[in-house]
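Remarks on the overall topology
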Amino acid sequence: MSTGVTETTQKTVGGIRRKFAPWTDPKAVPLIRYQNITKKFGDFTAVENLSLDIYEREFFALLGPSGCGKTTLMRMLAGFEEPTSGQITLAGQDLVGMPPYKRPVNMMFQSYALFPHMTVWENIAFGLKQDKVAKDVTAARVEEMLKLVKLEKFAKRKPHQLSGGQRQRVALARSLAKAPKVLLLDEPLGALDKKLREETQFELMDLQMKLGMTFLIVTHDQEEAMTVADRIAVMNHGKLVQVAPPAVIYEEPNCRYVADFVGDVNILEAKIESVAPGMVSLRSDAADTSLMIAQDVDGKPGDSAWIAVRPEKVRVALDPPEEQGVNCLQGEIWDIGYLGDLSIYHVELSNGTRIKAAKPNMTRMVERPISWDDKVWVSWAPDAGVVLTR
Amino acid sequence: MAQKAKGRWLVTAIPYAWLLALFLIPFLIVFKISVSQDAIAQPPYTPVFDLAAGWEVFKESFSELSFENYGYVLSWDNEFLEAYGSSLWIAGLSTLMLLAVGYPIAYGMARAPKSIRPTLLMLIILPFWTSFLIRVYAWIGILSPEGLLNQLLTYLGLIDEPLQILATDTAVYIGIVYSYLPFMILPLYAALEKMDETLLEAAADLGCPPFAAFWKITWPLSLPGVFAGCLLCFIPAVGEFVIPDLLGGSDTLMIGKVLWTEFSVNRSWTVSSAVAVLLLMVLVIPIVFYQNIQAREMEGR
């Protein structure tokens, strides 16, 4: 299934932005390998027979609702949980059974877990002292880390004398101080307000590229995952649902769960009418018409399928579209959500099905051109939607 | 608003009135007796401030007060200083033993599954349901030459002759550690229980093995509980009377026992009052010290 979405992301290497997609290279050797991992807590299966490869220098996100097993998966890499069965290797080294204090990974905790009785300096130096690093080397490294997170002036403060954002930076500096092979980030920005969170996301990406390290982030925030990650693994009930770069996850979800979990979406139930190379025609009772989607589908006429269309790809207008006929439906404005940058129009079709269409507010708008109860046309191009078979 | 201010005033006034009536006034009475002189009279000291005898006599009474008794108590010729020293030593050593016994118990409780913690807490305070005096008496039955402990050890073939534990300092240590253990465990448990366990995960993650993590993270963070527990045990242990009297020997020298002898055998109210006032001074110093630490701790939060 491909409609030409870029399956790679850019990475700056030596000042030049290059394609970064080791997962498409069959010769690439993964840094982290989860092989047939199962983790049970009593009767509850947190992770079920899961296999996943993560490559060096990758910024990898585990995304899913709470209780989906993403945190357990990360904690197994840190050594706080042992898999019930399966194997975890890091750079070829078997990690199962190795205590956390011997593993070459460091974690940034959701609660930051800063040592309250130590200063910022002592917190960052803690890991280096454990490794009996020479005093002057430790001091230099701590200074370097303080500079990296812009906290030079706060070295002598205790954690409770810092703001939430500063504490988050200390936690990050502490986990980076030992230059681990992999940095684990457990909901690292969850406690920050929206604006600071967005800024920090870009700083994290920048840092990851600069340090050339492998980052594994656990998050339930799909925007955060999309922003920072090279690849996202969407999880549900202890299983991987889709593992792909953000654009693929968003534009070509492989099932209704992913389409619905990541971003906003209209999902229409349909039956396949006819299949041609690069085009499929479906009959949708919900839309009360036939719809066309430009896609190769693994199915035959009569099979059930679902059509997923993102609201921003749906055109809403008072006039019918110029090119009529394809994926064009008539309805009435049922509700409008004004978000400032966008307005979300909820359009009710004659049979009661509702379709969301997002429209950017390009000009200042005192009176809306489209208002409640207006008769409108909604339409989308054949390559705007995707057909999902599960 | 005025109503509200009145209510607030009342709320603070009640505990102060309580302390005034039941601590400060009795203390002043004891202090007054300590600067009086022994007399064969009823009450057995002089002067007695009696307004009924007239204003002049009342004023005269002031000139009879002196710190003579303090000089007597603080003189090296008498056994008081030795008793203070011995009390501090026994209380200090007992407190260390209490800490050594109490810390692992409190640690175990704080790390136990959440569901059984209330039960464990109950078990710690269960002994309070029996009178303190009865529990100390019970130790006589255990420690005496023909007591349960000696019987058991003889039965097991570990000893041929009964051990002389009762009426020694060892019995006093056993008694103090046994009696004061809940007062050590409870503040330690409170401190350990509120500690965030992810701190230990963070320490492990940064390369710190569990034993080192205990000394670097758990121990320093439990220090407020350690201080509280130590003071709660040390202060009453210094003035302890029942335990050395029942379990200790004739050579067990503790200030509580000395005070009692001075009061009831020598019938010197004035000297025993001076002993009590000095004991209070000895104990107030660590309390002030502790308050200071706590204030600094609060400031830190």
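Residues numbered from 1 in each chain as written. Chains lettered and ligands numbered in written order. Predicted model: local features only at pLDDT ≥ 70, side-chain atom pairs only at ≥ 80, totals over all residues.

Time to look at the overall build of chain B. Secondary structure assignment for chain B yields 13 helices and two strands. Taken over C-alpha atoms, the radius of gyration comes to 25 Å for chain B, far larger than the 19 Å a tight globule of 301 residues would show. For chain B, the C-alpha atoms occupy an extent of roughly 80 × 75 × 35 Å along the three principal directions. Residues classed as buried in chain B amount to 28% of the 301 residues present. (Helix = DSSP H or I, 4+ residues; strand = E, 2+ residues; numbered from the N terminus. Rg over C-alpha atoms; globule rule 2.2 N^0.38 Å. Buried ≥ 20, exposed ≤ 12 C-beta atoms within 10 Å, placed from the backbone.)

Turning our attention to the sheet that holds strand β6 (residues 85–90) of chain A. All names here are of chain A. Across the sheet, four strands lie side by side as β4-β3-β6-β7; this open sheet has antiparallel pairing. Among the strands making up the open sheet, the edge pair consists of β4 (44–54) and β7 (93–94). Relative to β7, β6 runs antiparallel, the two being bridged by two bridges. From the neighbouring strand, Thr89 faces β7, where its bridge partner is Asp94. Against the sheet, helix α1 (residues 70–78) makes contact with β3 (32–41), β4 and β6, and its axis sits at roughly 115° relative to β3, the strand it touches most. (Pairing = 2+ DSSP bridges. Contact = placed C-beta atoms within 7 Å. Axes fitted to C-alpha atoms, helices over the stretch in contact; angles between N-to-C directions.)

Quick look at unusual backbone geometry now. For the bond from Gln42 of chain B to Pro43 of chain B, the omega torsion is -5°, close enough to zero to count as cis. If you trace the backbone, Pro43 of chain B turns up in the loop between β1 (37–38) and β2 (45–46). The omega torsion of the bond from Thr46 of chain B to Pro47 of chain B falls at 5°, within 30 degrees of zero and hence cis. Inspection of the secondary structure puts Pro47 of chain B in the loop between β2 and α2 (55–63). Unlike most non-glycine residues, Glu187 of chain A shows phi in positive territory, near 40°. One can find Glu187 of chain A in the loop between β9 (182–186) and α5 (194–211). One non-glycine residue with positive phi stands out, namely Asn327 of chain A, at about 45°. In this structure, Asn327 of chain A sits in the loop between β17 (315–317) and β18 (328–338). Residue classification places Asn327 of chain A among the buried positions, given that 23 C-beta atoms sit within 10 Å.

Attention now moves to the packing of helix α2 (residues 120–130) of chain A against helix α3 (residues 135–148) of chain A. Residue and element names in this part refer to chain A. Where α2 meets α3, the closest approach of the two axes is 9 Å, and the angle between their N-to-C directions is 130°. Taken together, the axes of α2 and α3 are oblique relative to one another. Considering only the axes of α2 and α3, their crossing is right-handed. Contacts between α2 and α3 involve Trp121, Ile124, Ala125, Leu128 and Lys129 from the former and Thr138, Arg141, Val142, Met145 and Leu146 from the latter. Residue composition of the contact of α2 with α3, grouped by class: seven nonpolar, one polar and two charged. (Parallel < 35°, antiparallel > 145°, perpendicular 65-115°, else oblique. Left-handed = near helix turned anticlockwise from the far one by under 90°. Nonpolar A, V, L, I, M, F, W, Y, C, P; charged D, E, K, R; others polar.)

On to the sheet that holds strand β11 (residues 231–236) of chain A. All names here are of chain A. In spatial order, the strands read β8-β9-β10-β5-β11-β12; together these six strands make up an open sheet with mixed pairing. Either end of the sheet is taken by a strand with one partner, and the two such strands are β8 (105–108) and β12 (239–244). Averaged over neighbouring strand pairs, the angle between their axes works out to 20° when direction is ignored. Sheet topology note: the strand β5 (residues 59–63)/β11 ladder contains four bridges and is parallel. Bridge assignment links Leu62 to a residue of β11, and that residue is Ala233.

Attention now goes to the interface of chain A and chain B. Counting residues at the interface gives 18 residues for chain A and 16 residues for chain B. At the level of secondary structure, the elements contributing two or more residues to the side of chain A that touches chain B comprise β8 and α2 of chain A. Counting residues per element, the side of chain A that touches chain B draws most heavily on α2 of chain A, at three residues. Of the residues assigned to the side of chain A that touches chain B, the class counts are 10 nonpolar, six polar and two charged.

Before going further, it helps to spend a moment on the nonpolar core. Counting residues in each nonpolar core, the largest one holds 108 residues, and the members touching the most others are Ile124, Ala173, Leu184, Leu216 and Val234 of chain A. When residues of this core are assigned to their parent elements, the largest contribution, six residues, is made by α2 of chain A. Lining this core are residues from two domains, each supplying at least three of them: domain 1 (9–104 + 180–257) and domain 2 (265–388) of chain A. Listed in part, the 46 residues of the second largest apolar core include Ala83, Ala106, Tyr189 and Ala228 of chain B. (Core = buried A, V, L, I, M, F, W, Y, C linked by C-beta atoms within 7 Å. Domains from an automatic or database assignment.)

Residues and elements named next belong to chain A. Considered domain by domain, chain A is made up of domain 1 (9–104 + 180–257) and domain 2 (265–388). Each of domain 1 and domain 2 has a C-alpha centre, and the two are 34 Å apart. Opposite the four residues of domain 1 that make contact, domain 2 presents five residues. In the side of domain 1 that touches domain 2, the residues fall into two nonpolar, no polar and two charged.

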